[in-house]
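Spelled out, the chains give:
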Amino acid sequence: NLWAAEVDPVEALRELREGLKAVDAKSYLEGLGLPGGTIAALGLDELSEVLESPPPGIDEIVAIAKAAADTEGFDVVVFDTAPTGHTLRMLEVPTFVGNFIDKALSVRKALGGMLGMFGLGALTGNVDKGLDEAEAKVRTVRARVAWLAEALKTPPGAGATSAEFVVVTRPTKLDSVEAERLVIELRREGIACRTMLVNQVIEPGSGEAYWNSRVDAQGEVLKEMRSVCQARKLPLLEVPSRPESLVGVPALGYLASMVFGPAGSDTVVPREKVVLFGGKGGVGKTSMSSALAVRAANEGKKVLIISTDPAHSLGDVLGTKLTKEAAPVQDFSGAGELWAMEVDTSAAMARFQETVRSALDASHSKGGMVGQFLQQLPMQDFVNLFDTLPPGSDEVVALTEVLEEFKKSKFDQIIIDTAPTGHALRLLSFPEFLERLADRIARLRERFGWIAGGDAGGPDQLRSFQFSMIELQDLFTDHEQTSFAVVSIPTVLAMEETKRLLKDLEVQDVKAGLVIMNRILDAGQAMDGLSSLLSTQQASLDELDAVSKRQGLEVTRIPYMDREVRGIYGLRDFSTNLPTEKA
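Residues numbered from 1 in each chain as written. Predicted model: local features only at pLDDT ≥ 70, side-chain atom pairs only at ≥ 80, totals over all residues. Heavy atoms only, no water.

S.K.: Hey, could you run me through the packing of aromatic side chains in this one?
M.R.: Aromatic ring pairs: the centre-centre distance and the angle between the two ring planes describe each pair. For the structure shown, the criterion picks out 3 aromatic pairs. Between Trp-3 and Phe-74, the ring centres sit 5.7 Å apart and the planes meet at 85 degrees, which makes this aromatic pair edge-to-face. Here Phe-74 lies in the loop between helix H5 (58-69) and helix H6 (84-117) and Trp-3 lies in the segment before helix H1 (9-23), a separation of 71 residues in the sequence. Using a relative accessible area of 64% as the deciding quantity, one classes Trp-3 as exposed. Centre to centre, the rings of Tyr-210 and Trp-211 are 5.0 Å apart; their planes meet at 80 degrees, and the pair counts as edge-to-face. You'll find Tyr-210 and Trp-211 in the same group, each marked buried. Sitting over the ring of Tyr-560, Arg-214 keeps its end group 3.6 Å from the ring centre. The cationic tip of Lys-302 hangs over the ring face of Phe-411; the distance from NZ or CZ to the ring centre is 5.3 Å. (Phe/Tyr/Trp six-rings, centres within 6.5 Å; stacked < 30°, edge-to-face > 60°. Helix = DSSP H or I, 4+ residues; strand = E, 2+ residues; numbered from the N terminus. Buried < 20%, exposed > 50% of the residue type's maximum accessible area, 1.4 Å probe, protein only. Lys NZ or Arg CZ within 6 Å of the ring centre and 35° of its normal.)

Structure (structure tokens):
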């Protein structure tokens with residue numbers, strides 16, 4: 001029997017949020033009917049808001065944990081994860097979710113003794129039962145996430161519930177590098193990885209009928225995509241497929257002429273100060289963003305291109321090693337300047353965490369009932385929560401440094417190569433979450449008379465960060481200064497994801513500037529360039545074989561089908577290419 005489901009992150013998040021709301025200190029004291037103003041005086045409005053607002057990303061892992069825990073009766077459960085960078089981030093989330101719930105519950109635990117100290121212990125019986133029930137629900141979520149985290153790190157044969165990660169890649173130079181990095185990261189996280197599938201391998205005997213079939217399938221998608229872009233009044237750039245991997249500045253200059261037309265021509269080229277590139281994983285976002293950067297720099301602009309994808313491949317495409325600081329790209333000799341960097345997320349996040357910690361560490365005790373209350377609250381647990389801010393927030397924090405470069409007008413154009421669709425949308429939503437978080441912490445600090453961050457009389461670092469998040473959000477939604485270039489390929493799956501992305505950008509008020517449809521086939525040219533394509537492909541296959549030997553992986557090659565694989569019968573036929581199940 002085959003069952004299928006898409007996880008429901010909205011419902012899973014609602015369950016967690018309701019549980020957290022019911023067990024927090026504010027709800028507890030409201031149930032006691034205390035005099036008006038007591039809750040505000042204790043600062044619990046702000047504390048409650050923080051704990052009731054799980055950040056973007058939690059919904060996905062909580063939903064997956066819920067689905068995974070409800071798998072009794074199934075022999076095998078298969079999860080289709082997001083592309084590399086988003087998957088690596090997702091694997092970090094269970095730790096964050098567990099800490100987040102633990103800290104929220106620690107505040108609830110401390111309240112009984114505190115109320116007894118204030119002579120209110122007799123009142124707690126009125127609300128204890130409801131709170132205990134709510135806490136049980138939250139602990140259920142916590143247990144699911146812990147179970148999932150443990151299962152992911154239990155290799156086949158080592159437990160009743162085990163897991164392994166199957167890496168899927170394509171026979172290209174860039175994909176082979178990313179695949180090996182993924183395997184290394186997975187094993188560093190303690191996750192078993194024994195198999196690599198190399199998909200979309202062109203077979204030597206591919207004849208005219210094969211290429212015509214693929215062209216016909218692409219034609220149906222292109223027709224619909226042209227209609228979608230016309231309805232939205234969006235430019236659609238159609239880029240032909242090419243047999244070779246274009247790596248390095250000269251090759252990217254050639255690619256730019258294919259995408260945007262020859263230099264000086266009257267074509268559609270993003271001119272906004274900030275241009276974000278996004279789309280489904282594996283469609284060529286990094287190549288397209290790099291091509292635009294080279295094109296703009298060749299025209300005389302001073303350009304900075306940045307990668308926010310946790311699975312950095314920008315340096316691979318540019319053919320140079322990048323640093324965490326913006327630096328000129330080697331071998332560029334155009335009329336302008338080309339700079340590049342991969343955001344240093346760890347250093348930027350460490351600075352933010354120190355800002356939060358400084359703001360929440362009490363400089364002196366407050367007297368009276370409020371002071372006694374604060375001394376009893378497990379605030380250190382609350383402070384420690386910010387040592388494990390949600391995966392993804394580090395990239396946004398790092399982008400505040402890019403914002404500083406924007407404000408200095410040091411660069412004529414800043415191009416941001418984002419992670420695939422889901423992760424990119426998280427990126428756009430995080431500034432609002434972090435701004436609200438900084439505001440609530442600042443209000444907590446001010447309520448209790450805590451220090452204002454930094455040296456006495458110096459700048460308020462927490463409020464400065466809050467304002468940076470506001471500015472970053474404003475920049476993303478400034479249609480004159482910022483646009484989003486959507487990259488896709490002519491397949492039904494990629495097209496549907498592109499349509500959803502365009503709608504999501506509209507909801508978030510981010511301007512979609514254009515759509516680039518990459519890898520469009522021409523049957524005649526494909527036949528003429530088949531030998532070149534097979535030669536380039538073989539070099540990548542040899543490299544993937546070398547990766548498999550270095551990493552101890554079993555490799556299976558999957559042929560590039562002449563039609564997109566969809567439906568039960570198509571999948572059944574396609575599955576005959578897969579390796580047999582291991583013990």
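S.K.: Explain the sheet that holds strand E10 (residues 512-520) to me, please; I cannot follow it from the model alone.
M.R.: Neighbouring strands of a sheet are bound in pairs by backbone hydrogen bonds; such pairs are parallel or else antiparallel. Reading across from one edge, E3-E10-E9-E4-E8-E5-E7-E6 is the order of the 8 strands in this open sheet, with mixed pairing throughout. Unpaired on one side and paired on the other, strand E3 (236-240) and strand E6 (327-328) mark the two borders of the sheet. Sheet analysis places strand E4 (residues 274-279) next to strand E8 (residues 413-417), joined by 4 bridges and oriented parallel. Directly across from Val-275, in E8, lies its bridge partner Ile-415. Helix-sheet contacts for helix H19 (residues 492-507) involve E4, strand E9 (482-488) and E10, and the interaxial angle to E9 is about 165 degrees. (Pairing = 2+ DSSP bridges. Contact = heavy atoms within 4.5 Å. Axes fitted to C-alpha atoms, helices over the stretch in contact; angles between N-to-C directions.)

S.K.: Would you mind showing me how to read the packing of helix H9 (residues 208-232) against H19 here?
M.R.: Each pair of packed helices can be described by the angle between their axes along with the distance between the axes. Their axes nearest at 10 Å, the elements H9 and H19 cross at an angle of 10 degrees. Here H19 runs roughly parallel to H9, going by the angle between their axes. Contacts from Val-221, Glu-224, Met-225, Val-228 and Arg-232 in H9 reach Val-492, Met-495, Glu-496, Thr-498, Lys-499, Leu-502, Lys-503 and Glu-506 in H19. (Parallel < 35°, antiparallel > 145°, perpendicular 65-115°, else oblique.)

S.K.: Which parts of the structure should I look at to understand the side chain of Glu-272?
M.R.: Within the secondary structure layout, Glu-272 lies in the loop between helix H10 (249-260) and E4. By relative accessible area, which is 12% here, Glu-272 ends up buried. Among the polar contacts made by the side chain of Glu-272, one reaches the side chain of Ser-483 at a distance of 3.0 Å. Every residue in contact with Glu-272, bar those within four places of it in the chain, is listed here: Gln-413, His-479, Glu-480, Gln-481, Thr-482, Ser-483 and Lys-511. (Polar contact = N/O pair within 3.5 Å; in protein donor to acceptor, adjacent residues only side chain to side chain.)

S.K.: I tried to follow a nonpolar patch on the surface on my own but got confused; where do I start?
M.R.: Taken together, the side chains of Trp-3, Phe-74, Val-77 and Phe-79 define a hydrophobic patch exposed on the protein surface, amounting to about 440 Å² of accessible area. A residue is classified by how much of its surface remains accessible, and Val-77, at 40% relative accessible area, is partly exposed. (Patch = residues over 30% accessible without salt bridge, like charges linked within 9 Å, V, L, I, M, F, W, Y side chains within 5 Å. Areas by Shrake-Rupley, 256 points an atom, 1.4 Å probe, with all protein chains shown as cover. Salt bridge = Lys/Arg side-chain N within 4 Å of Asp/Glu carboxyl O.)

S.K.: What exactly am I supposed to notice about the nonpolar core here?
M.R.: If you look at soluble globular proteins, the nonpolar side chains tend to sit buried side by side. By size, the foremost hydrophobic cluster in this structure holds 38 residues, and its most contacted members are Phe-277, Leu-338 and Ile-516. Excluding its chain neighbours within four sequence positions, the residues that come into contact with Phe-277 are Lys-285, Met-288, Ser-289, Leu-292, Ile-415, Ile-416, Asp-417, Thr-418, Phe-484, Ala-485, Val-487 and Ile-516. The next biggest cluster of nonpolar side chains, apart from the first, holds 35 residues, and it includes Leu-276, Leu-403, Phe-476 and Leu-502. (Core = buried A, V, L, I, M, F, W, Y, C linked by side-chain atoms within 4.5 Å.)

S.K.: In this structure, what is going on with the sheet that holds strand E11 (residues 554-559)? I would like to understand it.
M.R.: Spatially, the 3 strands line up as an open sheet ordered E1-E2-E11, and their pairing is parallel. Only two strands of the sheet have a single partner each, and these edge strands are strand E1 (166-169) and E11. Neighbouring strand axes in the sheet, compared pairwise and without regard to direction, differ in orientation by 20 degrees on average. The strands touched by helix H21 (residues 530-551) are E1, strand E2 (195-201) and E11; relative to E2, the strand with the most contacts, the crossing angle is about 175 degrees.

S.K.: Looking at this structure, I do not really get the packing of H10 against helix H11 (residues 285-298). What am I missing?
M.R.: Running from N to C, H10 and H11 point in directions that differ by 95 degrees, and their axes come no closer than 8 Å. Comparing the axis directions of H10 and H11 gives the class roughly perpendicular. For the pair H10 and H11, the contacting residues are Val-249, Leu-252, Gly-253, Leu-255, Ala-256, Val-259 and Phe-260 in the first and Ser-287, Met-288, Ser-290, Ala-291, Leu-292, Val-294 and Arg-295 in the second. A breakdown of the residues in the contact of H10 with H11 according to their chemical character gives 10 nonpolar, 3 polar and 1 charged. (Nonpolar A, V, L, I, M, F, W, Y, C, P; charged D, E, K, R; others polar.)

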